[in-house]
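So the chains spell out like this:
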Amino acid sequence: MLCKVHSVPLSLPLLLPFVDINNLVAVFDVDDVLWPQFTSAAELAGVDPSKLDNYVVQNSPHYTAEEKKRLYDAFADPRPFEKMEFYLGVKKISVLHELGVHVQINSNSFNQDIAEVKHRRLKSAMPFLQDSDLVLTVSSQKHAGAGKENGTDVTFFIDDNPYNVAASKASYNFLPSKTWNCTPAERDRMSDKNYYVFSSLDCILDTMIRSIRSWRKLQPTL
């Protein structure tokens, strides 16, 4: 059985006492959350992106050794990141900021050149971000299964990597639906987390905005 993919926004319950509606924090990944990095890399490498069924490319049985090498080379090329288009939903992140949500970015890159491109482009797309809000780590895909660290102070964690969600301490975890995060194995990996899978970033952001506004209406009674 595959995980349920939500294609319309939800209004989520407020998880008291874990969520402080006056101190909401949202942490976003970048690649395949804010823009289509794997599709871009697969196109550059000349491979079929739909065959990936595991976030760690090396663990996928559907690519040859040569195809995996081409993918890794594409992951390390900073040039596609210069022209990669953000998903349209990115514009709605500014609404979260206006609602008082502390927006942060936590993204891994293959090298420092890519991290610098991300820094520049993220600051341009979301000028409200401070340098301290950007955690841009240089790390190869060999460490992709280690999981990012985020604390219990994080309200919303948005990432496409099931290993990261499995390691998350956030109150709500959101994943955009990808071939590598909706298999039964990945669903089981995240089974003890409060997570939701959505068809798009737009739907994730609409869910966050709708839920926060609903919670704020309840605030006088809390």
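Below is a short write-up of the structure. (Residues numbered from 1 in each chain as written. Predicted model: local features only at pLDDT ≥ 70, side-chain atom pairs only at ≥ 80, totals over all residues. Heavy atoms only, no water.)

### Focus on the packing of aromatic side chains
Taken as a whole and assessed by the stated rule, the structure comprises 14 aromatic pairs. For the pair Tyr72 and Phe75, a centre-to-centre distance of 6.0 Å together with 75° between the ring planes defines the contact as edge-to-face. One end of the pair, Tyr72, and the other, Phe75, are both in helix α2 (residues 65-75), three residues apart, so they sit about a helical turn from each other. Look at Phe75 and you get buried, because its relative accessible area is 6%. Ring centres of Phe75 and Phe110 lie 5.6 Å apart, and the angle between their planes is 65°; this geometry places the pair in the edge-to-face category. (Phe/Tyr/Trp six-rings, centres within 6.5 Å; stacked < 30°, edge-to-face > 60°. Helix = DSSP H or I, 4+ residues; strand = E, 2+ residues; numbered from the N terminus. Buried < 20%, exposed > 50% of the residue type's maximum accessible area, 1.4 Å probe, protein only.)

### What about the pattern of salt bridges?
This model, assessed by the stated rule, comprises 13 salt bridges. Between Asp31 and Lys118 there is a salt bridge, with its nearest N and O atoms 2.8 Å apart. Residue Asp31 is found in the loop between β2 (25-28) and α1 (37-45), and its partner Lys118 is found in helix α5 (residues 112-125); the two are separated by 87 residues along the sequence. Here Asp31 and Lys118 have matching classes, each one buried. Here Asp77 ties to Arg79 by a salt bridge, and the two come within 2.7 Å at their closest N and O atoms. The network of salt bridges with common partners includes Asp29, Lys148 and Asp159. (Salt bridge = Lys/Arg side-chain N within 4 Å of Asp/Glu carboxyl O.)

### Observations concerning the side chain of Ser171
Relative to the assigned elements, Ser171 resides in the loop between α6 (162-167) and β6 (172-176). Ser171 has contacts with Leu15, Phe18, Val19, Val154, Thr155 and Asn194, leaving out every residue within four places of it along the chain. (Contact = heavy atoms within 4.5 Å.)

### Considerations on the state of the cysteines
The tally for this structure, following the rule as stated, stands at zero disulfides. Counting only cysteine sulfurs, Cys182 is the nearest neighbor of Cys203, a cysteine outside any disulfide, at a range of 13 Å. According to the relative accessible area criterion, Cys203 is buried, its value standing at 4%. (Disulfide = S-S within 2.5 Å.)

### Thoughts on the pairing of β2
Taking every second residue as pointing to the same face, both faces of β2 are buried, with Val25 and Val27 on one and Ala26 and Phe28 on the other. For β2 and strand β3 (residues 102-109), the ladder comprises four bridges, and the chain directions are parallel. Paired with Phe28 across the two strands is Ile105, which belongs to β3. Pairing of β2 with strand β5 (residues 156-158) involves three bridges; the strand directions are parallel. Within β5, the position partnered with Ala26 by the bridge is Phe156. (Pairing = 2+ DSSP bridges.)

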